[in-house]
Structure formats: C-alpha cells, structure tokens
Amino acid sequence: AMGKNELASAKRQRAGVIFLSQFRDVMVLILLASTIISVLLGEWVEAIAIVCVVFLNACLGFFQEYRTEKTLEALKQMAAPHSKVLREGKITSIASSMIVPGDIVLLESGDIIPADGVLIEGIDLHADESMLTGESEAVYKESTDPARAESAPKRCQVFMGTTVTRGRGRMVVAQTGMGTQMGSIASMLEDIEEDPTPLQKKLAELSKYIGAGCLIICAIVTLTGILRGEPVFDMLVTGISLAVAAVPEGLPAIVTIALALAVRRMVKRNALVRKLHAVETLGCASVICSDKTGTLTENKMTVVGVQTMQNSYQVSGTGYEQAGLITQNGAAVVLSQHPALERLLDIAVLCNNAQIYGEDLSRPLRDRTKNNRRGVWEISGEATEVSLLVMAAKRSVTANTLAREYTRVYEIPFDSSRKCMSVGVRHKTLGNMLYTKGALDVIIQNCAYVMGEQGREAMTDARRKAILQQGEDLAEQGLRVLAFAYKEQGDVINRKDETGLCYVGMCSIMDPPRKEAFDAVKRCRRAGIRPIMITGDHKKTAQAIARQLDILREGDLTFTGRELDQMDDRRLREVVSKASVFARVTPGHKLRIVKALKARGFITAMTGDGVNDAPAIKEADIGVAMGQNGTDVTKEASSIVLLDDNFATLVRAVEEGRGIYRNIRKFIRYLLSCNIGEVVTMFVGMLMGFPVVLLPIQILLVNLVTDGLPALALGVEPIDPDVMKEPPRKKDEGVFSRGLLSMILFRGALLGLTTLWVFTSVYSSSADIVMARTAALFTLVITQLIHVFECKSEEKSLFKIPIFNNIKLVLAAVFSLAILLCAIYVPFCNVIFVTAPLPSKYILRAVLCSFVAPVLSALLFNVLLKPKRQVQWVQTPEK
C-alpha cells in the first residue's frame, strides 16, 4: 500500500520527551538534588513532599505543552494545500495528501504541483523548478498523449513542490509522497513555525533578568540565615525553594499556550493563523489593504446588462440561478435578429475556462423559464467567467451547443499585465477566428473595427470615445465592465497577435458589497485602523463600492496603476497616507504600496490571492491569503489565511490579536506580582531577623497552587468589548509600557508586606512558629487569588470588574483555594506541609488584611495613575 502523498516530516516531539523536558530546569534539578540530601539526613517526609510537588508541577506543564503541540499539529493539517482533481467526471477539491497515482489533477497559475506526474494537456504552462534544479527561469512544459504518459520525456514531466507560474493544464499523477523527486531530497520543506515569537523572546530574556536578580536575593537570604546561626542545609534548601518561587519559568510557556488557544478560537471564526507571531502583530495593525472582489464584495457575479454598438439589452436573474432572460425593452430577444449579441454570447462561452453542469437544455426555453424553481447551476471556475456562462445559458448558448460548430485550437491565457484573454477557434463556415475578452480600456485600444448591424465598420475616434464613455457611466454605478472583440484570422495564424480586432460589445456585471463588510469597516475606523481598497477593477467601479462601504471619504485620494507608474517612490510615500483606493493595479504595484506604507511607519496587513501577490504578502507586516480563491503560493507566503475570503473575518482577527495581547499582559502582571510578593515576604522577614517565614515545601505549594491554573485562565479571558475603540499600539512598545511595571512592583510589595504583617502579628501573639507560618501561607495564597481578579483589567479597580464573565478563572481560583484548605485542615497534609489548623480569628485577620491591598490599589489607581495612563495612548500616525 502506498502511504499518504506527504513527505516524511521532521520528527514530532513524543509525549515522553515533552514530559522529561519539564525537568530540564536548573532550579528543579537543584531541588531534586536537595531532596536526595534530605533523604540522607533522614528527613523523609520533606523529601517525599518535595518530589510530589515537583512531579505535579511537571504534570501540569506537560499537559499544557502537549495540548498546545496537538493544536498546532491540527492547524498544520488545515494549512496543508488542496488540489483540484477530476474524479468520476466531476472536478472536486481534495487535500493534496489524498492524491494517488493515476489521479488527474487540474493545474492553474499559482498552484504548487502536488505530486510528480506527466502533463497530458497544457496551455502555455510554465513551471518554476528552481527548488529542484536551481534554474531561476520558469520552464515551458509540453503536453503529451495520455497513452504515452509512461515514457514521457522530461519536458512533459512536472514535479512535486514546483510552482505553476503561468498558463494551465492537466497532469496525470505518476509518483506521490516519498517516491517523488522531492521525496528523495525530502525534509527540505520546513515546518509551520518553530522559532519563538518576538514576544516569547522578550519574555524569555525578561525571565533571565528576573531570575538573575532573584538568585542574588536568594543568595543574600541564605547567607543572612547562615550568619544568624540557622542550619546550613535548611538555609540552602530555603534559598533554592525561594529561587524556584521567584523565577517565572512558566512565562514563555504560558504565552505559547495562550497564543495557541487564541489560534484555535480564530479558526472557529474562519481565520487560520499560520505563524504564531502574526497574532501579536495583528494587534498593532494600523492599515488594512484589502482586495475588493470577493473580500469586500460577495464575488457572486451576475451579468445585468449587455451593450452592443446599436442596442442595449437587460439580463434578469441573479447569481447562478437557471431562471432569467435576455430582453430588450421588456421583450425576449430572438438571437437571429441580433447578430452582434449572438457573436458576443459565442465569445463569452468560448473564451472561457469555467464550467456549468446540470444543463437540461433539451426542453424549450419557454418551459424552462416558466418553471422558475428549476434551481441553480452547478459551477466550477472563476466567478466572472461563470457569470458569462450563466448569461449565455439564459439564451440556450452553452459549450455543448457551440461544440457542433466550433473547435477550440489554442488559448492565450489571461494575465494581469495584458488584462485580457484570447482563444483561437475554427468555425465550420467562418474559418479561423480569434475571440477576445478583457478590460474595456485595453481591448478598445486594440480594435480597428466595430461590429454594426450591417457587419464590420471602421472604428473612429468618435466611436471609441462614445464606447469608453458608456463604460465610464456603467462603472460609476459600481458595475464591472468586460469588453468582447474578435478577428478573422484567415489561413495564417499568428498565436501572439491580439491587434486589429473588431469590437462587438460589453457586459456590465454586478458584484454587490458583502453585508458584513459595512460593519467591519466601521469597526476598523473606530479602532484607528485605515482600510484601503486595492483592486484591478476600473477606477469608477472601485470608487462607487468604496463610497458605499465608507472606505472612500471626502478628501481621500484615489490612484490608478498608471498614475503609480509615473510616481517615484518618494512621491508615493508622501501621498500614500491620504489614499483610500488604488484601482487598475497589478501585483507589482501592491508591493510598492506596502513598502511606501511601511516607510511611513504604518503596520500593514495586505490581502492577496494570485501567485504574483506573494511578494507583497511576504513584505507586509501581516500577509493575508485567501482560503477559497487563493493560490498555494500566496498561502505559503502568508501568515494568515482567511478561510471564507471575507474582510469582516480579517477585522475580527485583528480584534482577537488585540485581545490576546491584553491577556498576555494580564498574566505577566499576575505572575510577576506574585513572585515579587513571595520574594519580599522572605527577604524582608530575614532582614528583620524573624525565623524563616515560609518553609521550602510551603513555597513550592504556593507556586503550584497560584502560578499554574489561575495564570492560564487569565490567558483565555473574554475579549474586552472596548478593545476596538482604542488606537493600535506601537509595534516596538514594550510589554511593560503604559505603567505596567510600576503596577507590578507596587502590588508585589503590598502582597509581601501583607503576608509579613499577618506572620508577625500571629507569631507575637501565639509564639507558635507553625501557626504563624500557616497563617502566612494562607494570607499569601488568598492575596494572590484576590489579585488574579484585579489583573482582569488595567483600567478598572477590583470593585468595578465583572468577576464572573470568565468561569474558567473562577473555577481555577476555587480549585486553588480547595488545595490550600486541604493543606491546612487535613491531618495527613499537616505532616507534609508542616502546617496547623488555623482558628477562625486568624482566618478572619488574614482575610481582612488580604483586602487592604486591593482597596489601597483602587484609591491609588484613581488618584495617581489615571491621568498619566490616558496621555500615553495618544499615538496615531499623522493623518
């Protein structure tokens, strides 16, 4: 049996390896070493307890990491390329990994070839084989007869992993997976993302600094204790335990987990994140450049009108419905009386690579339109081309009916620089013809004649002007215009010549804006993000849609590709911040626009689908590919794929990106405040000459109870509804900006001092060190669990925060509290953790003290921090 059509990937981390890696931490190893010493000294209970806590901690870490790994694995599967294959006579899209030898795969410009095979049909198909041969020039591929596929020469073979740069064709699969040329080079393909995100790097660095600082403090604590005559071994273990408590080793891991969970949420909302750091960058986005067709609009093209030189026709029916007519002044048209319209429909169907199925055209037209519920065409192909087939089918002109008179000889495929497509056909009576469709302004330049009712007439300047004016008028209504022309070729065929054409007419096509795009643009504006529309469409069409959506406002500029060509980069940088619409642009222009925006300091998201959009997408801060219409090459270059090609999805992803960044700040604030609290408790206690405030095993317990679950639960806080009402944050803004560091230090110190105060008051009134330590342990955990709810918001004090909107956090706090109560009130645990059951007066004292810090914070919050924090938000790029 053949395996899946996949290359053997880099080895995945096995569960056992992930588990063992939890013990790699230097601190943990030192702890385990001290456990062995404890055993040698006969301290059995303490040794077992330390081992249990370390083991529990490792289990928590393992489950989190394992789940993260699994999530990322599942996302990789989703990001895998798909291929169009012909099975049972129908074209279906399947994951490329499911392809088997013998499959027939359809190839188009921008596809990554999914397996090794032989080209059995090719139209100007060129493949970039540089990854296999090092040849930078794309190689022209010839097709061969399917019967001779076995012995096809190299020039007819295509290879897995190479890209179709232009043209299209069909291949029959010969080898898959590790049997391909690529398979023999294997493991060249990299995984989705292995290196840490910029934020994780920052945090890992931060952890190191904090770690170093804490180690120094721990050394001081240990030495002070030894000099005061405490047992050397006890002080060493205390120092080590304190170091374990103080170093936030969980930070980078929790960031990964929070990002992975956010990525999972985003997939449910149709945004597939291919690179983790894109989630962070999204929160900074200040400009979103979006394609028009299909992203801001429905991409359900419908032809609504046809104009020839003499006549205007109306087309009824919407979308891909079979019902609908072509009428003139309300009356159905008889084709034989309208030669120009008849010719236009022929061109529309023949110069076309889409397909519609389910045509029951044997029944007379009257019956078909009378029964309006006949349903919808099954379609495959590009939306504009499908709309032309649907229009022609309304007059019973289809590929099947034309096959009796025409044979297709060759094709000059559409490309974004020529803006048109042509086919050479042979007609039974007319002979060799060239049929062309494309952008009106391009086609009209190539026309020497027009088709009138009396046949061919010369194209004059006045006529050219009138036709272009007609196109402008339609475009101003937000309609797309496509022009049609032909040329009689005689016996000598020049396969590259698209000049000297005869103009037949134009179609106006409607593509309404998506309903959800209106709200999405509004939310962008409110969030201080500028939406920019970039399209290959006519300037007037683009402006009409952009006005409807409120992308184009009073005083905003619109540029066309031609105007961009006349501008140097410096000039473009000057005007780019006032431009809202770029029309008639090629992918090359997109790259210049991204560079200009970045040079002006905007963090730019750019969408694209075609193979030649890949450079712009790679260059953008956030490259966004289309999941439905996007080519494989663009998806590979992108950091985010929109599974539904929808602009609103991208705006939601930005919101998610901002939310996750806030959540990361929340748990950083929580973890670091808690760690500082623990260090302050121990350090100040030592300096004041008290006995050791918390025993090593108690410090470990605090760490286990408070650091793991509550911090994680903060990472999945629901997104604050106000997150899209603020301007985007600066990309280089530090994690501690906007006063976070002072909040952490202030709260950490308060946590520690509260704990110390309870310890001293209980110790002085009862002279029972075990009771005092238990009270300190209780206070420390309670203050931290109260603080976790304070961390839910940077703008509000504890008394204004909604407590129950994150049930996971409430459950985590309850669970932590339960463990704490067990440690104090279960006799077996009293032995392990060296605690004693607390009488109610001490419990009350501890709880009251625990609320001092939040009250103080709330007062300080309103008095000191408020005015300063608001000022720091003002940082929008100049308008």
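Structure shown above.
To start, this report covers the structure provided alongside it. (Residues numbered from 1 in each chain as written. Predicted model: local features only at pLDDT ≥ 70, side-chain atom pairs only at ≥ 80, totals over all residues. Heavy atoms only, no water.)

Quick notes on the sheet that holds strand β24 (residues 557-560)
Strand order in the open sheet formed by eight strands is β8-β28-β27-β26-β9-β23-β25-β24, with mixed pairing between adjacent strands. In the strand order of this sheet, the two ends are held by β8 (271-273) and β24, each with one partner. In this sheet, adjacent strand axes meet at a mean angle of 20 degrees when their direction is disregarded. As defined by bridge partners, β8 adjoins strand β28 (residues 640-642) across three bridges and the pair is classed as antiparallel. Its bridge partner lying in β28, alanine 271 is registered against leucine 642. Against the sheet, helix α17 (residues 539-548) contacts β23 (530-534), β24 and β25 (579-583), and its axis sits at roughly 140 degrees relative to β25. (Pairing = 2+ DSSP bridges. Helix = DSSP H or I, 4+ residues; strand = E, 2+ residues; numbered from the N terminus. Axes fitted to C-alpha atoms, helices over the stretch in contact; angles between N-to-C directions. Contact = heavy atoms within 4.5 Å.)

Let's talk about the packing of helix α15 (residues 461-476) against α17
The N-to-C vectors of α15 and α17 enclose an angle of 15 degrees; their axes lie 7 Å apart at closest approach. Classified by the angle between their axes, α15 and α17 sit roughly parallel to one another. Crossing angle aside, the handedness with which α15 passes α17 is right-handed. Here Glu472, Ala475 and Glu476 of α15 come into contact with α17, specifically with Lys540, Thr541 and Ala544. (Parallel < 35°, antiparallel > 145°, perpendicular 65-115°, else oblique. Left-handed = near helix turned anticlockwise from the far one by under 90°.)

A closer look at helix α20 (residues 587-599)
A rise of 1.5 Å per residue sets the reference length of α20, with its 13 residues, at 18 Å; its end C-alpha atoms lie 19 Å apart and thus fit the reference within 8%. Of all the residues in α20, the buried ones are Pro587, His589, Lys590, Ile593, Val594, Ala596 and Leu597. Taken down its axis, α20 places every buried residue within 165 degrees of arc, on the same side. Two residues or fewer past α20, glycine 601 is found with a positive phi of approximately 90 degrees. (Expected span 1.5 Å × (residues − 1). Buried < 20%, exposed > 50% of the residue type's maximum accessible area, 1.4 Å probe, protein only. Arc of directions from axis to C-beta.)

Here we look at unusual backbone geometry
Even without being a glycine, aspartate 124 presents a positive backbone phi close to 55 degrees. Phi at asparagine 270 is positive, roughly 75 degrees, even though this residue is not glycine. Structurally, asparagine 270 can be placed in the loop between α8 (251-268) and β8. Of the residues examined, asparagine 270 reaches a relative accessible area of 28% and is grouped as partly exposed.

As for the pattern of salt bridges
Counted under the stated rule, the structure contains 39 salt bridges. Lysine 590 is the salt-bridge partner of aspartate 291, the closest N and O atoms lying 2.9 Å from each other. Taken as a pair, aspartate 291 in strand β9 (residues 287-291) and lysine 590 in helix α20 lie far apart in primary sequence, 299 residues in all. Neither aspartate 291 nor lysine 590 differs from the other in exposure class; each is buried. The closest approach of N and O atoms between aspartate 441 and arginine 584, which form a salt bridge, is 3.2 Å. Taken together, the residues aspartate 441 in helix α14 (residues 440-445) and arginine 584 in the loop between β25 and α20 connect sequence positions 143 residues apart. Since its relative accessible area comes to 16%, arginine 584 is described here as buried. One connected set of salt bridges, linked through shared partners, spans Arg168, Arg408 and Glu411. (Salt bridge = Lys/Arg side-chain N within 4 Å of Asp/Glu carboxyl O.)

Let's talk about helix α10 (residues 339-350)
For an α-helix, the turn length of 3.6 residues means that residues three or four places apart are oriented alike. Over its twelve residues, α10 runs 16 Å from end to end, which matches the ideal 16 Å to within 8%, given 1.5 Å per residue. Counted residue by residue, α10 has ten buried out of twelve residues, so it is predominantly covered.

Examining the packing of aromatic side chains
One pass over the structure, following the stated rule, counts six aromatic pairs. Each ring, one from phenylalanine 559 and one from phenylalanine 582, has its centre 6.0 Å from the other, and the planes form 25 degrees; the classification is stacked. With phenylalanine 559 in strand β24 and phenylalanine 582 in strand β25, the pair connects residues that are 23 residues apart, well separated along the chain. Look at phenylalanine 582 and you get buried, because its relative accessible area is 0%. Feature note: the residues Phe19, Phe55 and Phe62 constitute an aromatic cluster, connected by ring pairs. One residue, arginine 343, lies across the ring of tyrosine 486, its end atom 4.4 Å from the ring centre. Across from the ring centre of phenylalanine 602, 5.9 Å away, lies the NZ or CZ of arginine 530, which sits over that ring. (Phe/Tyr/Trp six-rings, centres within 6.5 Å; stacked < 30°, edge-to-face > 60°. Lys NZ or Arg CZ within 6 Å of the ring centre and 35° of its normal.)

Topic: the nonpolar core
Among the nonpolar cores identified, the biggest contains 127 residues, and Phe667 and Ile668 are the most heavily contacted of them. Here the element with the most residues in this core is helix α23 (residues 647-687); it accounts for 18 residues. Excluding residues that lie within four positions of it along the chain, phenylalanine 667 makes contacts with Leu251, Ile254, Val255, Ala258, Ala711, Leu714 and Gly715. Among the nonpolar cores identified, the runner-up in size contains 45 residues, and Tyr313, Val386, Ala393 and Ile509 belong to it. (Core = buried A, V, L, I, M, F, W, Y, C linked by side-chain atoms within 4.5 Å.)

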